[in-house]
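Below are the chains, spelled out letter by letter.
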Number of protein chains: 2
Amino acid sequence: MNSFSAKVILQQGTIYAENQVIQNGYIKIDDGKIIEVGSLNQLPNTSEYQIINVPDNYSIIPGMIDVHIHGANGSDTMDATKEALDVMASTLPREGTTSFLATTMTEDTDAIDKALQNASDYINSLQTSGQAEIIGIHLEGPFIHKEKAGAQPIKHILQPNVDLFKKWQALADNHIKLVTLAPEQPGGSELLHYLKNQGIVASMAHSEATYDQAIEAIENGVSHITHLFNQMTGLHHRDPGIVGAAFLNKDVMVEIIADGIHVRPEMVKLSFNQITDERMILITDSMRAKWLENGVYDLGGQMVTVKDGKALLDEDTLAGSVLKMKDAFKNIQEFTNCTIKSAIKMTSENPAKQLNLFNRKGSIALGKDADIVVLDEQMDVFMTLCNGKIAFTK
Amino acid sequence: MNSFSAKVILQQGTIYAENQVIQNGYIKIDDGKIIEVGSLNQLPNTSEYQIINVPDNYSIIPGMIDVHIHGANGSDTMDATKEALDVMASTLPREGTTSFLATTMTEDTDAIDKALQNASDYINSLQTSGQAEIIGIHLEGPFIHKEKAGAQPIKHILQPNVDLFKKWQALADNHIKLVTLAPEQPGGSELLHYLKNQGIVASMAHSEATYDQAIEAIENGVSHITHLFNQMTGLHHRDPGIVGAAFLNKDVMVEIIADGIHVRPEMVKLSFNQITDERMILITDSMRAKWLENGVYDLGGQMVTVKDGKALLDEDTLAGSVLKMKDAFKNIQEFTNCTIKSAIKMTSENPAKQLNLFNRKGSIALGKDADIVVLDEQMDVFMTLCNGKIAFTK
């Protein structure tokens, strides 16, 4: 990450800092970091600082972290080009996202090789300052179950394979931080043990695991559930499935796509009742069509029709989403009546903690990266700072 | 109900009274009613009273109320004889049940006519003192959906019909207190409105109602869900079904068969998390084989095989249960880690309130019927009093 010389003070509005909510406060930013947070009436020396005045009825929240995003604005992680990742990184601040895991798909191994190599190079040396930061890679598939493929092309599904994973993690220069897999597949346990030993987050979805298998997988190291409800065993009263394990086992963090399409709002509410803001993580799982017009787009070599907020592979199969984080943030409050502080936990704090990055991201606190979003009175994004630089203004 | 002359004092043990838990307390009973509840050291005059000393580590709880029970010990409500109801009423105190709704089944209308007439005669004039009291009739079917018939014979299913219901309620001398139906069936709304106007509890199950239909039915008067999960639309993330309505809508009380067979213990726990002890009601839904050996028994003219705690119509279809209330009471504590006070709410207080009988039953309180169960240190039934008379001792 480049260093920044910009000195900025964000002041007024309502600041949702890590341990307090401050009215008439300020955040002092230097060299990309938060160096002071306090009340305006105690604001010390402001010379040399660019002052940004935020209207009183605006909210200042930590930047959102999307741990599951394939693409946006015409680009996709699987395009495997610097330009594609640049487009994503420069687009996402519009929706309040300041960091993300570039997420791969089930494609042939050459395509995955290239995507991992490209993302790794980008993270290591090509990121542009003042854009959303790629904080790692989410490997979604190919170690999944064909009966729960969803929009992951079945022909490229492979059995969990530690050697192949090691090769990929080497290509990715250790930037794979999260792996979505089907733990019940042959080789699943071995891969889970390896991931656990390596400190990589193992997640279940695209899986036929029964409740008992899901619980066993959690005991073996799974600590995350990918897009709850979608492409997994559901809640049946004689087999609660992966969803039941997500509800009942407090050791897992749980992704949900809160667009009201992948999961009906009432079920988001019910899930929130069970999982609470301690364990829920909002994601987009978006594909390249996000921020573009309705039309037909590619996803993993397949044609996806996007219309009215839905991305469909065919009549019955959703193919990722076109959800924006800012809308997930708004929707979760509408669906569950949760507080803005709860929503912040689910869009910033929980993903940062899950990726072991809470020392650096996930809240507005001293010494942390100045990843900050200003929301207007409609809860729309008014301004986004990435590592202290203005990445978007309305 | 006959009057009693017996004067009894139950003393010591732990008394779970309506608003307090009393160690070293006493309950004074006269003429079938609770006339004093207090601490032993304040016990006034005991002359003329039979004293029952309860060991210190025993628990004294209100009698359990089973709002959904077809049969026990070889007899069934549909047998339509005084003897059958006598067998049920004299057997159930063994399991801690002191009141119940005699529950009918989907059979031909003649059989239902007879069962209603018989139960009505029994309630009006034939009940024996010192047995479990039949506090009304639960009409389960025939106004249900054939796709969710379960063990209700499909050939006798009828569409909801207000005129037929009126005829039955007349035969039953207004003792039908609860009706299980499929509200989405033609005529469902009309019957719901009629039941609501009559103050009869309308309940959903054996129903294909979608979530939206379930919510509409609740708005139209449904205030109860029969055997949650069994024979109804389940929790799907794009249609939460009747189960979702039960979880999310605070206006309904919810029956559950807590035998660990009809619903897996983990799902009982998950349901309890959502529904809480404010709205959950434990039932048995038991058939005549309860308290008998394994074997083959009749249910609604069908052969049911009972083995290892399961009553099966065929390999995949449960046909009621052989669950005893005392075991439901124990199981719910084991499955959910709830307190004994919570379990009491679900076996006594909630069913009494739902049937508008809490002025008379459902707790240990002054002026109420002396329906009392003494549990030993294993939570097994040591003694049961029905309306102040000892109906069972171990």
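About the cut-offs
Residue positions are counted from 1 within each chain, in the order its sequence is given. Chain letters start at A and ligand numbers start at 1, both assigned in the order the entries are written. Whole-chain, interface and lining totals are the exception, using all residues; otherwise, since this is a predicted model, local features are given only for residues with pLDDT of at least 70 and side-chain atom pairs are given and counted only at 80 or more. Hydrogens are left out, water is left out, and the side-chain values use all remaining heavy atoms of the structure. UniProt positions are given in the numbering used here, feature names are shortened, and annotations may be inferred rather than shown by experiment. Segments assigned H or I by DSSP are reported as helices when at least four residues long, segments assigned E as strands when at least two residues long, and all are numbered from the N terminus. In this description the radius of gyration comes from C-alpha coordinates, and the expected globular size is given by 2.2 Å times residues to the power 0.38. Three labels apply to residues, based on accessible area from a 1.4 Å probe with only protein chains included: buried if under 20% of the type maximum, exposed if over 50%, partly exposed otherwise in between. In this analysis, two residues are considered to be in contact whenever any of their non-hydrogen atoms come within 4.5 Å of each other. Here, Shrake-Rupley sampling with a 1.4 Å probe gives the accessible areas, and only protein chains in the shown set may cover a residue. Two strands make a pair as long as DSSP finds a minimum of two bridges between them. To get an axis, fit a line to the C-alpha atoms, keeping to the stretch in contact for a helix; angles then go from 0 to 180 degrees between the N-to-C directions. Boundaries between domains were set according to an automatic or database domain assignment. Accessible area that two parts lose when put together, with a 1.4 Å probe and added across both, is what the buried area reports. Salt bridges are identified by distance alone: a Lys or Arg side-chain nitrogen within 4 Å of an Asp or Glu carboxyl oxygen. Here a polar contact means two N or O atoms within 3.5 Å. Within protein one must be a hydrogen donor candidate and the other an acceptor candidate, and residues neighboring in sequence count only if both atoms are side-chain atoms. All amino acids are sorted into three groups, where Ala, Val, Leu, Ile, Met, Phe, Trp, Tyr, Cys and Pro are nonpolar, Asp, Glu, Lys and Arg are charged, and the leftover types, Gly among them, are polar. Think of it this way: a Phe, Tyr or Trp ring, Trp meaning its six-membered ring, pairs with another when their centres are within 6.5 Å, and the plane angle makes it stacked under 30 degrees, edge-to-face over 60, tilted otherwise. Note on geometry: a ring has a charge over it if NZ (lysine) or CZ (arginine) is within 6 Å of the ring centre and within 35 degrees of the ring normal. The pLDDT value tells you how sure the predictor is about a given residue, anywhere from 0 up to 100. For a crossing to be left-handed, the near helix must be turned anticlockwise from the far one by less than a right angle; the clockwise case is right-handed. Charge assignment: positive for Lys and Arg, negative for Asp and Glu; neither His nor the chain ends contribute. Here the copies are superposed with least squares, the fitted atoms being C-alpha atoms of residues at a pLDDT of at least 70 in both. As used here, the term nonpolar core means buried Ala, Val, Leu, Ile, Met, Phe, Trp, Tyr and Cys residues forming a set that is joined through side-chain atoms within 4.5 Å.

An unreviewed UniProt entry annotates chain A as N-acetylglucosamine-6-phosphate deacetylase of Metabacillus sediminilitoris. Comment text from UniProt for chain A, heading Pathway (unreviewed entry), reads "Amino-sugar metabolism; N-acetylneuraminate degradation; D-fructose 6-phosphate from N-acetylneuraminate: step 4/5." Under the UniProt heading Sequence similarities (unreviewed entry), the entry covering chain A gives this text: "Belongs to the metallo-dependent hydrolases superfamily. NagA family."

A word on the overall build of chain A. Scanning chain A from terminus to terminus reveals nine helices and 24 strands. Over its C-alpha trace chain A gives a radius of gyration of 20 Å, about what one expects of a compact globule, namely 21 Å for 394 residues. When the backbone C-alpha atoms are referred to their principal axes, chain A occupies close to 65 × 45 × 45 Å. Per-residue burial over chain A gives 64% buried out of 394 residues. When contacts within chain A are restricted to residue pairs at least 6 apart in sequence, those whose partners lie at least 24 apart make up 68%. Accessible surface, chain A: about 14,000 Å² in total, of which carbon and sulfur atoms supply 43%.

Turning our attention to the environment of B:Y49. All names here are of chain B. One can find Y49 in the loop between β5 (33-39) and β6 (50-53). Residues Y49 and N24, 25 residues apart in the sequence, show an inter-C-alpha distance of 18 Å. Not counting the four nearest positions on each side in its chain, Y49 is found in contact with K7, V8, I9, K28, I29, D30 and I35.

All names here are of chain B. The four strands are arranged β5-β4-β1-β6 in an open sheet whose pairing can be described as mixed. If you trace the sheet from one side to the other, it starts and ends with β5 and β6, each paired once. Neighbouring strand axes in the sheet, compared pairwise and without regard to direction, differ in orientation by 20 degrees on average.

Let's shift gears to the domain arrangement of chain A. Interface size, as often reported, equals the accessible area lost upon joining of the parts. All names here are of chain A. Under the domain assignment, chain A is made up of domain 1 (7-61 + 364-393) and domain 2 (63-354). Once you take the C-alpha centre of each, domain 1 and domain 2 turn out to be 29 Å apart. Listed as interface residues are 20 residues of domain 1 and, on the opposing side, 20 residues of domain 2. Approximately 1,500 Å² of surface area, both sides summed, lies buried where domain 1 meets domain 2, with 65% of it carried by carbon and sulfur atoms. Taken together, domain 1 and domain 2 are joined by two salt bridges. The partner of K326 in a salt bridge is D380, with the nearest N and O atoms 3.8 Å apart.

Further remarks concern the interface of chain A and chain B. Contacts between chain A and chain B engage 23 residues on the former and 23 residues on the latter. Among the residues of chain A in contact with chain B, A:H237, A:R238 and A:R264 are the three that bury the most area, contributing 32% of the side total. Summed over the shared surface of chain A and chain B, the number is two salt bridges. As a salt-bridge pair, B:R264 and A:D212 come within 2.6 Å of each other at their nearest N and O atoms. Our enumeration of links across chain A and chain B arrives at eight residue pairs in polar contact (both at pLDDT 80 or more). When residues of the side of chain A that touches chain B are traced back to their parent elements, those giving at least two are α5 (211-219), α6 (241-248) and α7 (265-279) of chain A. Among the elements that make up the side of chain A that touches chain B, the one with the highest residue count is α7(A) (six residues). Looking at the side of chain A that touches chain B residue by residue, the class counts come to 11 nonpolar, seven polar and five charged.

The next subject is the packing of aromatic side chains. In this structure the tally under the stated criterion is eight aromatic pairs over all chains. Taken together, a centroid distance of 5.0 Å and an interplanar angle of 70 degrees make the contact between A:Y58 and A:F382 edge-to-face. Within this pair, whereas A:Y58 is found in the loop between β6 (50-53) and β7 (59-62), its partner A:F382 is found in strand β23 (residues 381-386), the two being separated by 324 residues in sequence. Classification of A:Y58 as buried rests on a relative accessible area of 13%. Relative to B:F247, the ring of B:F229 lies with its centre 6.2 Å away and its plane at 90 degrees, an arrangement referred to as edge-to-face. Separated by 18 residues along the polypeptide, B:F229 in the loop between β15 (222-225) and α6 (241-248) and B:F247 in helix α6 bring together distant segments of the chain. Positioned over the ring face of A:F358 is A:K353, at 4.9 Å from the centre of the ring.

Attention now moves to the confidence of the model for chain A. In the predicted model, chain A carries a mean pLDDT of 95, and the fraction of residues at 70 or more is 99%. This complex was scored by the predictor with a pTM of 0.93 and an ipTM of 0.89.

On to the UniProt feature "domain: Amidohydrolase-related" (unreviewed entry) in chain A. Annotation from UniProt places "domain: Amidohydrolase-related" (unreviewed entry) at residues 60-390 of chain A. This span, residues 60-390 of chain A, is 33% helix and 26% strand, and a straight line between its end C-alpha atoms measures 14 Å.

Attention shifts here to the packing of helix α1 (residues 82-91) of chain A against helix α2 (residues 109-126) of chain A. All names here are of chain A. It is the contact of α1 with α2, at a shortest axis distance of 10 Å, that shows an interaxial angle of 65 degrees. When the axes of α1 and α2 are compared, the crossing they make is right-handed. Facing K82, L85, D86 and A89 of α1, the residues of α2 in contact are N118, A119, Y122 and L126. Its residues assigned to classes, the contact of α1 with α2 comprises five nonpolar, one polar and two charged.

Residues and elements named next belong to chain B. Mapped onto the fold, D76 is located in strand β10 (residues 75-76). Buried D76, no salt bridge; nearest opposite-charge side chain is R288, N-O distance 4.4 Å. In this structure the side chain of D76 is engaged in a polar contact, spanning 2.7 Å, whose partner is the backbone nitrogen of M78. Once you skip the residues sitting within four places of it in the chain, D76 turns out to touch H70, G71, A84, M88, R288 and L299.

Now for the relation of the copies chain A and chain B. The transform that puts chain A on chain B rotates by 180 degrees and translates by 0.0 Å along the axis, for an RMSD of 0.0 Å. In symmetry terms, the pair is related by a two-fold rotation axis. Minimal C-alpha distance to the rotation axis in chain A is attained by A:L235, lying at 3.1 Å. Comparing interface residues between copies, 100% of those in chain A also sit at the interface in chain B, which points to an isologous, same-surface contact.

Another aspect to go through is the nonpolar core. The biggest cluster of nonpolar side chains holds 220 residues, and the ones touching the most others in it are A:F165, A:L228 and B:L228. Setting aside residues up to four positions removed in sequence, B:L228 forms contacts with B:V243, B:A246, B:F247, B:V254, B:E255, B:I256, B:V263, B:S271 and B:I275.

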